[in-house]
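# Architecture at a glance
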Amino acid sequence: MRMKELVEKTGVPRTTIHFYLRQGLLPPPNKSGRTMAYYDNTHVKRLKEIEILKKGLRVPIRLLKEHLDSSEVRTSPQPGKYDVTKTVATTKEKKLKRKEIIQQAIEVFSHKGYHHTKISDITRALKISTGTFYLYFENKRDLFMEVIDDVFRHIVGEAASAIKSETDFLKRCKMRCLVFYENYARYSEILNQLRAEMASEERWPVEKLRKIYHGLTEPVICEFDQAVKEGAIKAIDTELMVYGLTGMLESMTFRSTMDTKYDAEKIVAFMVDLTLKPLLLKTKDNWW
């Protein structure tokens, strides 16, 4: 196709296309003369990729070429034609790379804190370029929010897996508490950093914290509601009960970091005796 048709198909202005050609973001057209240049669907596809990176991910122009070279589809120029070939970066590999960045970020954020962490701290540890980082995350805050989500997805998912085959109410509660304790002890610094951000004028830390606690407590509240409905425990305000248990568990987890007097089993057993056993209305042979 000629330049006019390429502009009509993509909506990208002629001057912008020429700029991309000069910067090496587009493969050169097939020229049949000094003023006769032809383009094909390779150029259409590449222009769409550039627009996505510019608008969707807001990647700087200087990093576009690196992003395009790392993308799933790349162009391989040959005399007179251009073949579209797949790179080794499959969807699965991209997910693994994203997870790898998140895991490294958890470690860096935990040691250096949110404000003192630089993107280069993470990319240097992983031996990847800054351009590769921007292919997966918009900025440091975007990564930090994903880290928070990943931490609590892990907690909720691990708890769900632990109680999957258990039907006893108290034992299920104990399992949930143990999972929360172990993960909270591991990721408490990340959560503390999020709480610290609440002192700023921005709204995202407050909204993120609310979303996290809602996702963390909702399954437990539903379980308590079901226990009340079945007549297994007293009728109580299940939401306040679950939030109270969460706060108690957080403070006791902090207490366990002071010395070796208390471990997870002692703390959870104490909580069960103090708060959950008194709620029981009926007993079963397999209950404690």
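Described below are features of the structure shown in this document. (Residues numbered from 1 in each chain as written. Predicted model: local features only at pLDDT ≥ 70, side-chain atom pairs only at ≥ 80, totals over all residues. Heavy atoms only, no water.)

The subject of this paragraph is the overall build of the protein. Summing up its helical and strand segments, the protein has 12 helices and 4 strands in all. Pairs at least 24 residues apart make up 60% of the contacts formed inside the protein by residues separated by at least 6 positions. With an accessible surface of roughly 16,500 Å², the protein has 54% of that area assigned to carbon and sulfur atoms. (Helix = DSSP H or I, 4+ residues; strand = E, 2+ residues; numbered from the N terminus. Contact = heavy atoms within 4.5 Å. Areas by Shrake-Rupley, 256 points an atom, 1.4 Å probe, with all protein chains shown as cover.)

Applying the stated criterion across every chain, the model contains 10 aromatic pairs. Judged by centre distance (4.7 Å) and plane angle (45°), the ring pair of Y114 and F144 falls under tilted. Highlighted residues: Y114 in the loop between helix 5 (91-112) and helix 6 (119-126) and F144 in helix 8 (residues 140-162), separated in sequence by 30 residues. Taking the centre distance of 5.5 Å and the plane angle of 85° together, the rings of F133 and Y134 count as edge-to-face. Y134 matches F133 in its accessibility class, with the two residues each being buried. Grouping aromatic residues by their ring pairs yields a cluster made of F109, Y114, F144 and W204. The cationic tip of R2 hangs over the ring face of Y38; the distance from NZ or CZ to the ring centre is 5.5 Å. (Phe/Tyr/Trp six-rings, centres within 6.5 Å; stacked < 30°, edge-to-face > 60°. Buried < 20%, exposed > 50% of the residue type's maximum accessible area, 1.4 Å probe, protein only. Lys NZ or Arg CZ within 6 Å of the ring centre and 35° of its normal.)

This part covers the pattern of salt bridges. This structure, assessed with the given rule, holds 15 salt bridges. For the salt bridge of K112 with D121, the shortest nitrogen-to-oxygen distance reads 3.1 Å. Residue classification places K112 among the partly exposed residues on the basis of a relative accessible area of 40%. Accessibility expressed as a relative area gives 12% for D121, which makes it buried. Several salt bridges converge on common partners, so that one network encompasses R98, E146, D150 and R153. (Salt bridge = Lys/Arg side-chain N within 4 Å of Asp/Glu carboxyl O.)

Judged by nonpolar contacts, the single largest core of 58 residues is most densely connected at I101, L143, V147, F224 and L276. Counting only elements with at least two residues in this core, the list comes to helix 5, helix 6, helix 7 (130-136), helix 8, helix 9 (169-197), helix 10 (204-229), helix 11 (238-256) and helix 12 (264-276). Looking at which element gives the most residues to this core, the answer is helix 9, with 12 residues. When near neighbours in sequence (up to four residues on either side) are disregarded, V147 contacts I102, A105, I106, F109 and I190. (Core = buried A, V, L, I, M, F, W, Y, C linked by side-chain atoms within 4.5 Å.)

In this section: unusual backbone geometry. Unusually for a residue other than glycine, K127 sits at a positive phi of about 60°. Relative to the helices and strands, K127 resides in the loop between helix 6 and helix 7. Residue classification places K127 among the exposed residues on the basis of a relative accessible area of 77%.

Let us look at the environment of L126. Its location among the elements puts L126 in helix 6. A residue is classified by how much of its surface remains accessible, and L126, at 15% relative accessible area, is buried. Put simply, L126 and A105 are 21 residues apart on the chain and 9.9 Å apart in space, counted from C-alpha to C-alpha.

Look at helix 9 against helix 11: their axes get within 9 Å of each other, and the N-to-C directions meet at 85°. By the angle between their axes, helix 9 is roughly perpendicular relative to helix 11. Residues C177, F180, Y181, Y184, A185, L191 and R195 of helix 9 lie in contact with helix 11, whose contacting residues are T246, L249, E250, T253 and S256. (Axes fitted to C-alpha atoms, helices over the stretch in contact; angles between N-to-C directions. Parallel < 35°, antiparallel > 145°, perpendicular 65-115°, else oblique.)

Within the secondary structure layout, A235 lies in the loop between helix 10 and helix 11. Between the C-alpha atom of A235 and that of L281, which follows or precedes it by 46 residues, the distance is 9.8 Å.

To continue, consider helix 8. For helix 8, which comprises 23 residues, the first-to-last C-alpha distance of 33 Å matches the rise-based estimate of 33 Å (1.5 Å per residue) to within 8%. Where helix 8 is concerned, the buried positions are K140, L143, F144, E146, V147, I148, D149, D150, V151, F152, I155 and A159. Capping the start of helix 8 is the job of one residue whose side-chain oxygen sits 3.2 Å from the backbone nitrogen of R141: N139. (Expected span 1.5 Å × (residues − 1). Polar contact = N/O pair within 3.5 Å; in protein donor to acceptor, adjacent residues only side chain to side chain.)

In total, this model carries 0 disulfides according to the counting rule given. Looking at C177, it has no disulfide partner, and the nearest cysteine sulfur is the one in C173, 6.7 Å off. Accessibility expressed as a relative area gives 12% for C177, which makes it buried. (Disulfide = S-S within 2.5 Å.)

Before going further, it helps to spend a moment on the side chain of T238. Structurally, T238 can be placed in helix 11. Engagement of the side chain of T238 in a polar contact is seen with the side chain of D225, the distance being 2.6 Å. Apart from residues lying up to four places away in sequence, T238 is in contact with I221, F224, D225 and V228.

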